[in-house]
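# Reading the structure
Here is what each chain is made of, one letter per residue.
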Protein chains: 4
Amino acid sequence: MRSVIRDYLAEALGDVESDTSGEPAGYIPELAAADPERLGAVFATVDGQVYGAGDIDTEFTIQSISKPFAYALALADRGFDPVLARIGVEPSGEAFNQISLESDTGRPLNPMINAGAITAHSLAGSGELKPAERVERVVHGLSAFAGRPLRIDEAVCASELEHAHRNLAIAHMLRSHDILTEDPRAAVDGYTRQCSVLVTARDLAMMAATLANHGVNPLSGERVIREPVVRQVLSVMLTCGMYDAAGDWATQVGIPAKSGVAGGLIGALPGQIGIATFSPRLDPHGNSVRGVSLFERFSSDMGLHVMEVPAAARAVVRSNHVIGSGPHAIRVLQLQGGIRFAGAERIVRETMDTAPREARVALDLTMVYSIDDVARRMLLEVTRRLTLDGHEVYLVDPETIVPRPDPGDGGRVTVVNDIEHVVTNKP
Amino acid sequence: MRSVIRDYLAEALGDVESDTSGEPAGYIPELAAADPERLGAVFATVDGQVYGAGDIDTEFTIQSISKPFAYALALADRGFDPVLARIGVEPSGEAFNQISLESDTGRPLNPMINAGAITAHSLAGSGELKPAERVERVVHGLSAFAGRPLRIDEAVCASELEHAHRNLAIAHMLRSHDILTEDPRAAVDGYTRQCSVLVTARDLAMMAATLANHGVNPLSGERVIREPVVRQVLSVMLTCGMYDAAGDWATQVGIPAKSGVAGGLIGALPGQIGIATFSPRLDPHGNSVRGVSLFERFSSDMGLHVMEVPAAARAVVRSNHVIGSGPHAIRVLQLQGGIRFAGAERIVRETMDTAPREARVALDLTMVYSIDDVARRMLLEVTRRLTLDGHEVYLVDPETIVPRPDPGDGGRVTVVNDIEHVVTNKP
Amino acid sequence: MRSVIRDYLAEALGDVESDTSGEPAGYIPELAAADPERLGAVFATVDGQVYGAGDIDTEFTIQSISKPFAYALALADRGFDPVLARIGVEPSGEAFNQISLESDTGRPLNPMINAGAITAHSLAGSGELKPAERVERVVHGLSAFAGRPLRIDEAVCASELEHAHRNLAIAHMLRSHDILTEDPRAAVDGYTRQCSVLVTARDLAMMAATLANHGVNPLSGERVIREPVVRQVLSVMLTCGMYDAAGDWATQVGIPAKSGVAGGLIGALPGQIGIATFSPRLDPHGNSVRGVSLFERFSSDMGLHVMEVPAAARAVVRSNHVIGSGPHAIRVLQLQGGIRFAGAERIVRETMDTAPREARVALDLTMVYSIDDVARRMLLEVTRRLTLDGHEVYLVDPETIVPRPDPGDGGRVTVVNDIEHVVTNKP
Amino acid sequence: MRSVIRDYLAEALGDVESDTSGEPAGYIPELAAADPERLGAVFATVDGQVYGAGDIDTEFTIQSISKPFAYALALADRGFDPVLARIGVEPSGEAFNQISLESDTGRPLNPMINAGAITAHSLAGSGELKPAERVERVVHGLSAFAGRPLRIDEAVCASELEHAHRNLAIAHMLRSHDILTEDPRAAVDGYTRQCSVLVTARDLAMMAATLANHGVNPLSGERVIREPVVRQVLSVMLTCGMYDAAGDWATQVGIPAKSGVAGGLIGALPGQIGIATFSPRLDPHGNSVRGVSLFERFSSDMGLHVMEVPAAARAVVRSNHVIGSGPHAIRVLQLQGGIRFAGAERIVRETMDTAPREARVALDLTMVYSIDDVARRMLLEVTRRLTLDGHEVYLVDPETIVPRPDPGDGGRVTVVNDIEHVVTNKP
């Protein structure tokens, strides 16, 4: 029995296969020689499951898709402040080969254009690293995202270096503004090596899935970067990832994404999925023609747009009833679903604004699927206030979705596995 | 007993109150005369609950906050194609008073700069409307978002019109490119009236909540715009709403937002909440100083960043067990939580890839909180394939979260309210 | 016997006649309807002689050729400071329809682009003039340049006003920066009337000749503007007159010039000649195709490039000899040619550095053709120093090329008509 | 007895000496260490006379003043077409450190900005030269302009090379557009050596005088470049020489000029004079503060503005009379002054349009000071037409200002030294 998703992917590839518009990148022979018919697509889930169709194990160079990952490594290795001081986060509204430096400071507008990406490369690893060590750090970092050791295509790298005059121009300009503090030639050399790392669509999907999975590689379980870095990288991908078509992408596709000139294209939807496609023919923006079509379809078919929200959901308060009567009566709020701020607000409202008359109040979390920080804090604040008002409060939490609950400041809560415990253990 | 959330808001206002940097807009006397100490913040939930602190019922002019709503009305009244042909969606990277037209077509880069907003105003309502009727349509539309009839501050409007030379310049330029097809003075007059609509922070929060609530006003229940329009508007607010600081906002706050020169600031997080703040002192970008601080705090405290996802959630498959044995055995998958593509994928995988040996398979949706389109379609496809493989399939769905399930094409599914029904009704 | 120059012009027209590339301006029907085959060229000398060939008496609208003249009127009527405060003199490097305002002040970059020209129009005449009076002042001023009363083509003007949205945009933008202080619509209306003045190639040549003739109309003898204004206008025409092809023009043609969209083109070479051509087909810069060809030929054939200097000329000191001997000996320096700083320097050098032994020194100006201010001052300073050194100094100046010579400060000089007077009137 | 001009220069220096605004260039220690009080000014006439005051023999590096000379060498060594294909002539309206390449071709806008100057350096000498040979060619060429062997300041050069990142950026960008075809590092190295050539104010004035003297060094008599190159270089200096203040300079000073960051400033007025000043403090445009003041004064005091023409001159036809009567009568036109097109036109007009009745016509050139090509051709055409009409024509030209006159095509002219020869030699 074959996979539903794999069937879907195969069908999607079939639909775009006939589109032979665009041309593979032609500025170096190695890219120009790419087989333009290659076509593949991969979904990687945040628990490591991979679905693919087409050419998903063909190796090609990662090129600009390395940019968000090298930016992530720079943020991880140096911290936010030094990186933000040298690389902006503003959309440039310009093509990928524009310089786009801030006119006064020389700071690249964002890490997705070459100027920002060369700077990001130079900030990966500690400041003490030698150029070769920095390349090693970056390749190692990219490998951690992919979950397997990646290697450089030396032939592509050598050819790219022969055509690196624009990047050298950018690097010297950055050096003249002290944005780069190392030898510009070494930075371009290292950046070019970074772009020459060989990947497959499968690798790219796993790298994207690592971003979607809060920075933890779903297969290896390695935490590659911390969550604030993930958030920063995904935000920048959403607003700057597709060059001068960023707005079109943000409205129509709405998935943080990045494309590479060798034909790769990735997207990462936090908490859900990493996606990669591979097709070498490029549109005038430098993005894969069929890759863009596939992403438009994926976003639309699967509701992956970041501004998409599930249609009306069940109430977070499944039931609100009283068990027993008199002094033994227990007010039970049975909660359900994923609770974030909006859900917590409703729980708080129902709990507090309809001040319970019962002495005992139980919040039943058995059917709660997920709960975030702010919701947890709000529920604990409710228990604290109930305590102060003289109530005895129970948390029914058989699977410990709220570990070690501490309402603090006079609050008190009793955790039980089952509402029956409360009912039977009358006070 | 007072609200936890109201306390939180009051505390947040207290923290920013001491920041008296910035200046109210001074280009017309009416704005310059605003009390700079005014300060208010409002949360409006998608079910219509309003939490506020400070000056939440003070009226002020909506100004640029009208832009996303008028854009929404244009999309709703004319459809996407005619509007996209005249107004782009690309971040401009420029200040609000730049012209920012595409050099070849004269198309404004996006609807959040004045050129785009004037164009959007001219596209609200049908093309046959007279200028005064168009203003009426816009005011009526803004009122529908707010849930109460709004009115124009004629004194501010008259004063703005005396200082409308930049907007007149923009409108004539748009007219010369045939982006505007009506009299430029009428368009500027109408746009200025739109900007002079009086609102309170409470109104603004409700308008934002209408966006957060899929386009339905939470109080009136009126569907003001359809979901694709909501998605378009929120996407553009996220990438272009805060002028030349769009990237900073997208990374640090991550909430689709819009500010107005009278001191208002709104944010809308789809499915969760509408937020509004009011404080007249502006930073050099033209955004409310204290408003920006409050949003940074709200985003951070409450995990509202669009790239934020809840920390590790419980598995969507709560349990996978067999009830009974032999030919009567039933494979039961107990599902839970909110199910979107990623969750559905896991369910499909667990169901299909471990092809059950049991003849009867039940998917128990009792603890499922929400389910979106793609997830619903995937579950039905699973039931179809199970049917074709000779299984009998049950959906345990006591609250009809999947109405009228039809796997189609040879699939068949039996809906029951309780797993017990299946166990006892042996085949 | 026909004129050598008229023959030359006819031959030149014949050579360019076959070039039918380009198109007449098509934005209004009146211009689009121009007969594209019309072709004429006129030379007007600074003493009023006119040579023409082809369509030199066909009327067409002056359009942008009015710009330098209106700028001249503004400078004449308001003085330099108020005009320079509102209109820059920097080349814009941009097409004629760009806005090109300084980003901080809103000041138009120069008076040859529309923004600067609209501003210049508004500065013609006193600040108290009503719009209609200002138009009258401008038409009167243009007429003074042409030497005959000019009138407005009302049909063209009305049609232009219907397509004036870009100019209205510019004017409102200027008003928003307080560069314009009057009603933008009135300014555009007036400017459009200015551009709709009807002229012939003959008129244009005479207008150019007025600039070439230090601001005095060669025919009427009326001083239209003062010399500093002429210098300013010619300088700006040289660097900004041909829009974005200014550098090409300055190097290849080297004549201060201005073109109009109706097909006119003028050039003015100070002290020598005014030139006008008329041919309606325009190149992509908006300049007359055949007009540009003609000017290239005129400049090359006639050595009219401003950086062209006559080949080696005779020495300014024609002879330096002594007449008589003993105490009656006279040192005679016979001067010749046009004397400017460089010539005066040689005279001073020869006179002073070879300190004459003779008691009497005569500077013979009989063969001097012209002498400028600085040269006159330098010669007088020489006579003063010779006096202080005990010499008796004579100026032989039969035609009073140095009127009322006064060396000042102890100097003394005797003017005679003939060196014989000095020789015979022994001291 | 001291020179009038030297006194004038000393007085001018005294007047600007107190202005200590601005700062010497500080980006390398060698320039920052310059004595800011140094001040000198030199006039060099086109016959080699030098007047100086102040620090005229202090050596400093030529810097950007080398740009027009290297451009001249490129034009001389390669011809116009290859150079114009790689370097434009349009004013950039930008500061000296902007890149200013044409967006499509990558061609630098003009040779006075660094991009154009680096390109010009690479085009000096033949295309086969090795980098070191090219530097030799450039230094040799600059020396020819100066009239003495110049040498490189190796310390400044080495220091500049350490801060050459912006120039390296520019050179790599030029290389990426194939504007530069050699190694960018070699080009920047060579250009930096060119800028490090040591000169004095005296040298610079002589270099400028070589431009003013049609490309012939006034002292050595060496023709360094041909006249069309001179014209091109002076035109570009006038429109682009003073960076973003080009328009101010063209209107207020009106002398083709170039400044250097070490404090030098030159101006060249064709046919008249070369000027150089030296004062290290720079204004924000990068031009010498006191140098600019001095040039403004020189231009104004001495009428050096290119658009300045001598006030009304004597008529070019000094007299028009008949000697003798009957068949022996001779019509004599006594000409005077410098004759260019405008003068020749008047002579032609007077001669032809008043078709003489006398059989013999004499044009007396005795008092003619200079005559240019077009004027010579026009006079000869007049003689030809007179011959064809049956006149006998004489040229009285004792000093051979019109050598070997040949009217051609049926024309005939007799050259005599004295009108008496004609009178006595009756036909």
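An unreviewed UniProt entry lists chain A under the name Glutaminase, with Streptomyces radicis as the source organism. The record in UniProt for chain A states the following under Subunit (unreviewed entry): "Homotetramer." UniProt's Sequence similarities (unreviewed entry) comment on chain A is quoted here verbatim: "Belongs to the glutaminase family."

Okay, the overall build of chain A next. The helix and strand tally for chain A stands at 16 helices and 12 strands. Dimensions of chain A along its principal axes, counting C-alpha atoms only, are 85 × 50 × 35 Å. Here the analysis covers contacts within chain A between residues at least 6 apart in sequence; of these, 67% occur between residues at least 24 apart.

Turning our eyes to something else, we now look at the interface of chain C and chain D. At the interface, 68 residues of chain C touch 68 residues of chain D. Elements supplying a minimum of two residues to the side of chain C that touches chain D: helix 1 (4-17), helix 11 (227-240), helix 12 (246-252), helix 13 (289-302), strand 9 (330-339), helix 14 (341-353), strand 10 (360-371) and helix 15 (373-388) of chain C. Take the side of chain C that touches chain D: its biggest share by element is 7 residues, from helix 11 of chain C. Considered class by class, the residues forming the side of chain C that touches chain D number 32 nonpolar, 21 polar and 15 charged.

Okay, the arrangement of the chains next. No part of chain A reaches chain C; the closest C-alpha pair between them is 14 Å apart. Across the gap from chain B to chain D, with no contact made, the nearest C-alpha atoms are 14 Å apart.

Our next topic: the UniProt feature "domain: STAS" (unreviewed entry) in chain A. Mapped onto this numbering, the UniProt entry annotates "domain: STAS" (unreviewed entry) at residues 330-396 of chain A. With 43% helix and 40% strand, residues 330-396 of chain A has end C-alpha atoms that lie 13 Å from one another.

Turning our eyes to something else, we now look at unusual backbone geometry. For Gln63(A), which is not a glycine, the phi torsion comes out positive at approximately 50°. Looking at the element boundaries, Gln63(A) is found in the loop between strand 3 (60-61) and helix 3 (66-78). Gln63(A) sits in the buried class, given 24 other C-beta atoms within 10 Å. Notably, His214(C) is not glycine yet its phi reads approximately 65°, a positive angle. On the secondary structure map, His214(C) appears in the loop between helix 10 (201-212) and helix 11.

Strand-to-strand pairing in sheets goes through backbone hydrogen bonds, with the strands running parallel or antiparallel. Residue and element names in this part refer to chain D. In spatial order, the strands read 8-9-10-11-12; together these 5 strands make up an open sheet with mixed pairing. Each of the sheet's edge strands pairs with one partner strand only, and the pair in question is strand 8 (317-323) and strand 12 (414-416). Each adjacent strand pair in this sheet contributes to an overall mean axis angle of 20°, direction not counted. Pairing of strand 11 (residues 392-396) with strand 12 involves 3 bridges; the strand directions are parallel. Across the sheet, residue Val-396 finds its bridge partner in strand 12, namely Val-416. Strands in contact with helix 14 (residues 341-353) are strand 8 and strand 9 (330-339); relative to strand 9, the strand with the most contacts, it is inclined by about 170°.

Here we come to the relation of the copies chain A and chain B. Of the transformation placing chain A onto chain B, the axial shift is 0.1 Å and the rotation is 180°, giving an RMSD of 0.2 Å. Put plainly, the chains are arranged around a two-fold axis. Closest to the rotation axis within chain A is the C-alpha of Gly337(A), separated from it by 2.3 Å. Of the residues that chain A buries at the interface, 99% are likewise interface residues in chain B, meaning the two copies contact each other through the same surface.

This part takes up the relation of the copies chain C and chain D. With an RMSD of 0.1 Å, the operation that places chain C on chain D is a rotation of 180° combined with a shift of 0.0 Å along the axis. Looking at chain C, 100% of its interface residues are interface residues in chain D too, so the copies touch through the same face.

A few words on the interface of chain A and chain B. On the side of chain B, 69 residues touch chain A, which itself brings 69 residues to the contact. Only helix 1 (4-16), helix 11 (227-240), helix 12 (246-252), helix 13 (289-302), strand 9 (330-339), helix 14 (341-353), strand 10 (360-371) and helix 15 (373-388) of chain A provide two or more residues apiece to the side of chain A that touches chain B. Per element, the largest residue contribution to the side of chain A that touches chain B is 7 residues, and it comes from helix 11 of chain A. Residues that form the side of chain A that touches chain B fall into these classes: 32 nonpolar, 21 polar and 16 charged.

With 551 residues, the main nonpolar core has Ala208(A), Ala208(B), Ala208(C) and Ala208(D) as its most contacted residues. Leave out the neighbours within four places in its chain, and Ala208(A) touches Ala44(A), Ile266(A), Gly267(A), Ala268(A), Gly274(A), Ile275(A) and Ala276(A).

Residue and element names in this part refer to chain C. You can see Leu-380 is positioned in helix 15. Overall, Leu-380 belongs to the partly exposed group, with 19 C-beta atoms counted inside 10 Å. Taking the C-alpha atoms as reference points, Leu-380 and Asp-406, separated by 26 residues in sequence, lie 7.0 Å from one another. With residues up to four places along the chain from it excluded, the contact list for Leu-380 reads Pro-405, Pro-407 and Gly-411.

Residues and elements named next belong to chain A. Summarizing the sequence annotation, UniProt attributes the feature "binding site: substrate" (unreviewed entry) to Ser-64, Asn-114, Glu-160, Asn-167, Tyr-191, Tyr-243 and Val-261 in the numbering used throughout. Within the secondary structure, Ser-64 is located in the loop between strand 3 and helix 3. Judged by the 22 C-beta atoms lying within 10 Å of it, Ser-64 falls in the buried class. Aside from chain neighbours lying at most four places away, what touches Ser-64 is Lys-258, Ser-259, Gly-260 and Val-261. Relative to the helices and strands, Tyr-191 is located in helix 9 (residues 184-195). Leave out the neighbours within four places in its chain, and Tyr-191 touches Ala-117, Ile-118, His-121 and Asn-167.

Reading the values: rules and limits
- Residues numbered from 1 in each chain as written.
- Chains lettered and ligands numbered in written order.
- Predicted model: local features only at pLDDT ≥ 70, side-chain atom pairs only at ≥ 80, totals over all residues.
- UniProt positions renumbered as here; feature names shortened; annotations may be inferred.
- Helix = DSSP H or I, 4+ residues; strand = E, 2+ residues; numbered from the N terminus.
- Contact = placed C-beta atoms within 7 Å.
- Nonpolar A, V, L, I, M, F, W, Y, C, P; charged D, E, K, R; others polar.
- Buried ≥ 20, exposed ≤ 12 C-beta atoms within 10 Å, placed from the backbone.
- Pairing = 2+ DSSP bridges.
- Axes fitted to C-alpha atoms, helices over the stretch in contact; angles between N-to-C directions.
- Least-squares fit on C-alpha atoms with pLDDT ≥ 70 in both.
- Core = buried A, V, L, I, M, F, W, Y, C linked by C-beta atoms within 7 Å.

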